[in-house]
Amino acid sequence: FLDGGGSRPLQRAAIPLLEAANVEAEVGAIRSAFLRKRELMLERVRALGMGVDLEPEGGFYVFANLAGLPEPLDDCMAFFGAALAQKVICVPGVFFDVNPGQRRGQRLARFRQHVRLSFGPSLEEVERGLDHLERVVAAGRR
């Protein structure tokens, strides 16, 4: 915990970490780790029948389109509930539908068939989460 800035010894110790070679190596390692998880997420999400309208170019989220899944899993809130029952948390797309003043009234939310999935956790956790989502979708197809 730092309050008010790092001490002079800490600042001096951090200087070598900012050298170009160290920065490039760290960025490369992070990019490589996230790229593997990103590709896994995209591959598995599509295999489950979800669409990806726009592949992520940064960050660690996939905004998956549920329109290709059977009812009720094609609705973000139903999908959220089914995923949660399998101990997987996703973020329903309607949470991203900005509708100030409720001007659209009773019309359906634009992102009601989307969920946000994260590939930020470890590769093993991402794989485990996708395995659980596979069970959710398989049960929904029965």
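Just above, that's the structure.
Fair warning: this is a prediction, and the values are worked out from it, not measured in the lab.

1. Structural notes on helix 2 (residues 20-47)
Okay, so step 1: Compared with the 40 Å implied by 1.5 Å per residue over 28 residues, the 40 Å span of helix 2 between its first and last C-alpha is a close match.
Okay, so step 2: Every buried residue belonging to helix 2 is among K37, R38, L40, M41, L42, R44 and V45, and all of these are buried.
Okay, so step 3: The secondary structure elements touched by the buried residues of helix 2 are strand 1 (51-52), strand 2 (61-65), strand 4 (114-118) and helix 4 (123-141).
Okay, so step 4: Within two residues after helix 2, G49 carries a phi angle of roughly 100°, on the positive side.

2. Observations concerning the pattern of salt bridges
Okay, so step 1: All chains considered together, the criterion is met by six salt bridges.
Okay, so step 2: Across the pair R44 and D131 runs a salt bridge whose closest N-O atoms are separated by 2.7 Å. Of this pair, R44 sits in helix 2 while D131 sits in helix 4; the two residues are 87 residues apart in sequence, bridging distant segments of the chain.
Okay, so step 3: The closest approach of N and O atoms between E134 and R44, which form a salt bridge, is 3.3 Å. Here R44 lies in helix 2 and E134 lies in helix 4, a separation of 90 residues in the sequence.
Okay, so step 4: In this structure R44 comes out as buried when scored by relative accessible area, which is 16%.
Okay, so step 5: Here the salt bridges do not stand alone but share partners, grouping R38, E39, R46 and E55 into one network.

Definitions and limits used
- Starting from 1, residues in each chain are numbered consecutively following that chain's sequence as written.
- In keeping with the model being predicted, local features are shown solely for residues with a pLDDT of at least 70 and side-chain atom pairs are shown and tallied solely at 80 or more, while totals for entire chains, interfaces and linings include all residues.
- Hydrogens and water are ignored here; the side-chain numbers use all heavy atoms of the structure.
- Numbering of helices and strands starts at the N terminus; helices are DSSP runs of H or I of at least 4 residues and strands are runs of E of at least 2.
- Expected helix span is computed as 1.5 Å times (number of residues minus one).
- For the exposure calls, accessible area comes from a 1.4 Å probe over protein chains only, and a residue counts as buried if that area is under 20% of its type's maximum, exposed if over 50%, partly exposed in between.
- The contact criterion used throughout is that any non-hydrogen atoms of two residues lie within 4.5 Å.
- By definition, a salt bridge exists where a carboxyl oxygen of Asp or Glu is found within 4 Å of a side-chain nitrogen of Lys or Arg.

Geometry only, nothing functional implied.
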